[in-house]
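As a plain string of letters, each chain reads:
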Amino acid sequence: MILLAASNAVHGQGIPIQAFNLILLLLLVITAVISLRVRDLLSAAMVYGIYSFLICLLWCQMGAVDVAFTEAAVGAGVSAVFLIATVYNTKRKSSD
Amino acid sequence: MRFFAFIAVLAVGLLLVSAVQEFPKFGDVNSPANAYELSQEFITKTETDTMVPNIVTAVLADYRGYDTMFETVVVFTGGLAIFAILRTTRREDRSEPAEASRDRVEPSATDSGRIIVATTVRLMVPVIQLFSLYVLAHGHHSPGGGFQGGVILGASFILLALVSDLPTTLKRFSESRFLAFGALGILIYAGIGLICMFLGKNFLDYAVLDKVIPDWMESVFGVTSGAEWARSHAMLAVEVGVAITVASIMFAIYALLSSNGRLRDGL
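Rules and cut-offs
- Residues numbered from 1 in each chain as written.
- Chains lettered and ligands numbered in written order.
- Predicted model: local features only at pLDDT ≥ 70, side-chain atom pairs only at ≥ 80, totals over all residues.
- Helix = DSSP H or I, 4+ residues; strand = E, 2+ residues; numbered from the N terminus.
- Rg over C-alpha atoms; globule rule 2.2 N^0.38 Å.
- Buried ≥ 20, exposed ≤ 12 C-beta atoms within 10 Å, placed from the backbone.
- Expected span 1.5 Å × (residues − 1).
- Contact = placed C-beta atoms within 7 Å.
- pLDDT = per-residue confidence, 0-100.
- Axes fitted to C-alpha atoms, helices over the stretch in contact; angles between N-to-C directions.
- Parallel < 35°, antiparallel > 145°, perpendicular 65-115°, else oblique.
- Nonpolar A, V, L, I, M, F, W, Y, C, P; charged D, E, K, R; others polar.
- Left-handed = near helix turned anticlockwise from the far one by under 90°.
- Core = buried A, V, L, I, M, F, W, Y, C linked by C-beta atoms within 7 Å.

**Remarks on the overall build of chain B**
- Counting its secondary structure elements, chain B contains 13 helices and zero strands.
- Reading the secondary structure of chain B in the N-to-C direction produces α-α-α-α-α-α-α-α-α-α-α-α-α.
- For chain B, whose C-alpha radius of gyration is 24 Å, the value lies well above the compact-globule estimate of 18 Å for 267 residues.
- Along the longest, intermediate and shortest principal axes, the C-alpha atoms of chain B span 70 × 70 × 35 Å.
- Split into buried and exposed, the 267 residues of chain B put 31% on the buried side.

Right, dumping it as structure tokens:
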């Protein structure tokens, strides 16, 4: 994949779109697993925000810009803040 | 037990991956979503029916406006549910007389460590709110619309509450006010639908609003086709309703969650 990117850079294009999709999807799965497995609930809320941003990028790539706008506004602006506010008012250590 | 759960998750995951192989190619013109005649009708007729280039907003606010109205009602109901569950007034809060609040030292923004954030936020919040109004008003031509503009507006109030105290922000956007504004948005949306019904056509059938728009307004703006103009601007009005409700409920949920229902002191 590195050779593919290098050959495209020589020809003046960017990284091919399938590689972009693959990297994003891989990061999506990794952040989803992390956000479920980590013990500290505050970190889990933050990783959930990262997940939200990654899926927003995927939707942008697919051309669904309205959905990506909504996801960016709700995921980063509102939903992560709600989760962090809830974690501050309950306990911070996950019980499982 | 966790072993069986893991097996179940693995089986469903493999099933999903094998189902994805059967999807049509991305952007295929013969895929079922594209070949369906209603999709073709939306794509070709939106601009001529409603004078709105953004097909997503047109479908959301006009062709499927009934669903968007209930989506707004769901947001309002969610806010009401959180209010009903969390809102408490403890006995020590109720009996707190005026001199206690006079003696209480307000955390001022010139405390060390907060002045940078406070100044930055004070410069940014007007820009954020202006941007949210832009997103709302430009939803006909660019990505955006009522819901996105409302969320950004609510997030600007949340930012204000994060930087300064929650009671300071509640002085600007008090509890009775945010509940009233939450209901006002739905009133605007359903009210436009009812006006359409009183004028003789179906609920939320915007084209009939052409009758209430005076003729001089149409000649001032140089509009030839009244029904499409009425539809485009009724869409803007219902998007304003959605934005008002969403903004107030987002701030309401934050205020209730961060202060544990008491609305005394936040994060």
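After presenting the structure, the write-up continues.
**Section: helix α11 (residues 175-198) of chain B**
Residue and element names in this part refer to chain B.
- For α11, which comprises 24 residues, the first-to-last C-alpha distance of 34 Å matches the rise-based estimate of 34 Å (1.5 Å per residue) to within 8%.
- The set of residues buried in α11 consists of Phe178, Gly182, Gly185, Ile186, Ile188, Tyr189, Ile192, Gly193 and Cys196.
- Positive backbone phi, at 120°, marks Gly200, one or two positions downstream of α11.

**Details of the interface of chain B and chain A**
- Across the contact, 17 residues belong to chain B and 14 residues belong to chain A.
- A per-element tally of the side of chain B that touches chain A places helix α9 (residues 146-163) of chain B first, with seven residues.

**Quick notes on the confidence of the model for chain B**
All names here are of chain B.
- Counting all residues, the mean pLDDT for chain B is 84, and 91% of those residues have values of 70 or more.
- Looking over chain B, one finds the lowest element-wise mean pLDDT in helix α7 (residues 98-103), namely 44, and the highest in helix α5 (residues 65-86), namely 93.
- The low-confidence segment residues 97-105, where pLDDT is below 50, has one contact with residues more than four positions distant or belonging to other chains.

**Quick look at the packing of helix α3 (residues 37-50) of chain B against helix α4 (residues 55-63) of chain B**
All names here are of chain B.
- At their nearest, the axes of α3 and α4 sit 10 Å apart, and the two run at 70° to each other. Compared by their axis directions, α3 and α4 come out roughly perpendicular. Between α3 and α4, the contacting residues are Phe42, Ile43, Thr46 and Thr50 on the first element and Ile55, Ala58, Val59, Asp62 and Tyr63 on the second.
- Among the residues making up the contact of α3 with α4, the classes are represented as six nonpolar, two polar and one charged.

**Thoughts on the environment of B:Leu236**
Residue and element names in this part refer to chain B.
- With respect to the secondary-structure elements, Leu236 resides in helix α13 (residues 226-258).
- Here Leu236 falls in the partly exposed class, since 17 other C-beta atoms lie within 10 Å of it.
- For Leu236 and Leu136, which are 100 residues apart along the polypeptide, the C-alpha to C-alpha distance reads 8.2 Å.

**Digging into the packing of helix α4 (residues 65-89) of chain A against α13(B)**
- Running from N to C, α4(A) and α13(B) cross one another at 15°; their axes reach a closest spacing of 8 Å. When the interaxial angle is binned, α4(A) and α13(B) end up roughly parallel. Judged by the twist between their axes, the crossing of α4(A) over α13(B) is left-handed. Contact residues: α4(A) offers A:Val78, A:Val81, A:Phe82, A:Ala85 and A:Thr86, while α13(B) offers B:Met250, B:Ile253, B:Tyr254, B:Leu257 and B:Ser258.
- Residue composition of the contact of α4(A) with α13(B), by class: eight nonpolar, two polar and no charged.

**Comments concerning the nonpolar core**
- Residues B:Val151, B:Ile158, B:Val246, B:Met250, B:Phe251, B:Tyr254 and B:Ala255 are the most contacted members of the largest nonpolar core, which totals 65 residues.
- Here the element with the most residues in this core is α13(B); it accounts for 19 residues.
- Excluding residues that lie within four positions of it along the chain, B:Ile158 makes contacts with A:Val81, B:Met250, B:Phe251 and B:Tyr254.

**Considering unusual backbone geometry**
- Unlike most non-glycine residues, B:Leu204 shows phi in positive territory, near 65°.
- Along the polypeptide, B:Leu204 turns up in the loop between α11 and α12 (215-220).

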